[in-house]
Amino acid sequence: MLELPNAVIYQLKITLRGISPLIWRRLLVRAETSILAEAKTVLERMQQRLVEQQATEYLQAQRRCPHCGNKRSHKGAHTITLRTLFGKLRLKSPQLYHCQC
Ligand SMILES: [Zn+2]
């Protein structure tokens, strides 16, 4: 806990367990802040980070043809929006050509 002249600030460390690599955030929260509202904001940010990481790993696996292993050509990209309990997530969505094998 930090004490500023007119406010009491708590320092929180929030960790998502059961995933690798470890994702955590350290926050400073005013004592009078609604912990529920703060938790929703934190979960929204952590969800964005986690989903971005999962999407990146998935897309890396899709870059090569699963049959012959050749690198697939890029034909464009757009952004997709996912609506979740914690808010909207915007993710890059590249389009890849099918392999000719
Ligand atoms: Zn192929």
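A quick note: this is a predicted structure, and the numbers were derived from the prediction, not measured.

## Focus: the overall build of the protein chain
Then step 1. Within the protein chain, the secondary structure is distributed over one helix and five strands.
Then step 2. Of the regular secondary structure in the protein chain, the N- to C-terminal order runs β-β-β-α-β-β.
Then step 3. The C-alpha radius of gyration computed for the protein chain amounts to 20 Å, which surpasses the reference 13 Å derived for 101 residues by more than 25%, pointing to a less compact arrangement than a globule.
Then step 4. Counting only C-alpha atoms and orienting by the principal axes, one finds that the protein chain spans roughly 70 × 25 × 20 Å.
Then step 5. Residue burial in the protein chain is summarised as follows: out of 101 residues, 0% are buried.
Then step 6. For the protein chain, restricting intrachain contacts to residue pairs at least 6 apart in sequence, the fraction spanning at least 24 positions comes to 34%.

## A few points about the confidence of the model for the protein chain
Then step 1. On average, residues of the protein chain score 85 in pLDDT, and 95% of them reach the 70 mark or higher.
Then step 2. Ranking the elements of the protein chain by mean pLDDT puts strand β1 (residues 2–4) last, at 62, and strand β4 (residues 74–84) first, at 92.

## Quick notes on the environment of P21
Then step 1. Of note, P21 is situated in the loop between β2 (7–16) and β3 (23–30).
Then step 2. For the pair P21 and L59, spaced 38 residues apart in the sequence, the C-alpha separation amounts to 18 Å.

## Quick look at the pairing of β3
Then step 1. Among the eight residues that make up β3, zero are buried, leaving the element largely open to the surroundings.
Then step 2. Strand direction decides the pairing type here: β2 and β3, joined by eight bridges, are antiparallel. Bridging across to β3, T15 finds its partner in W24.
Then step 3. In textbook terms, the turn of a hairpin is the stretch between consecutive antiparallel strands, and for β2 and β3 this stretch comprises six residues, one of which, G18, has a positive phi near 85°.

## Concerning the environment of T84
Then step 1. Along the polypeptide, T84 turns up in strand β4.
Then step 2. On the basis of neighbour counts, which here come to 12 C-beta atoms within 10 Å, the residue T84 falls in the exposed class.
Then step 3. With 40 residues separating them in the primary sequence, T84 and E44 have C-alpha atoms 9.0 Å apart.
Then step 4. Residue contacts for T84: discarding those within four places in its chain leaves Q47 and L89.

## With respect to the environment of L96
Then step 1. Inspection of the secondary structure puts L96 in strand β5 (residues 87–96).
Then step 2. Of the residues examined, L96 has 17 C-beta atoms within 10 Å and is grouped as partly exposed.
Then step 3. Considered as a pair, L96 and S34 are 62 residues apart in the sequence and their alpha carbons are 45 Å apart.
Then step 4. Non-local contacts of L96, meaning those with residues more than four positions away in its chain, are made with Q62, R72, S73, H74 and K75.

Rules of the game
Residues numbered from 1 in each chain as written. Predicted model: local features only at pLDDT ≥ 70, side-chain atom pairs only at ≥ 80, totals over all residues. Helix = DSSP H or I, 4+ residues; strand = E, 2+ residues; numbered from the N terminus. Rg over C-alpha atoms; globule rule 2.2 N^0.38 Å. Buried ≥ 20, exposed ≤ 12 C-beta atoms within 10 Å, placed from the backbone. Contact = placed C-beta atoms within 7 Å. pLDDT = per-residue confidence, 0-100. Pairing = 2+ DSSP bridges.

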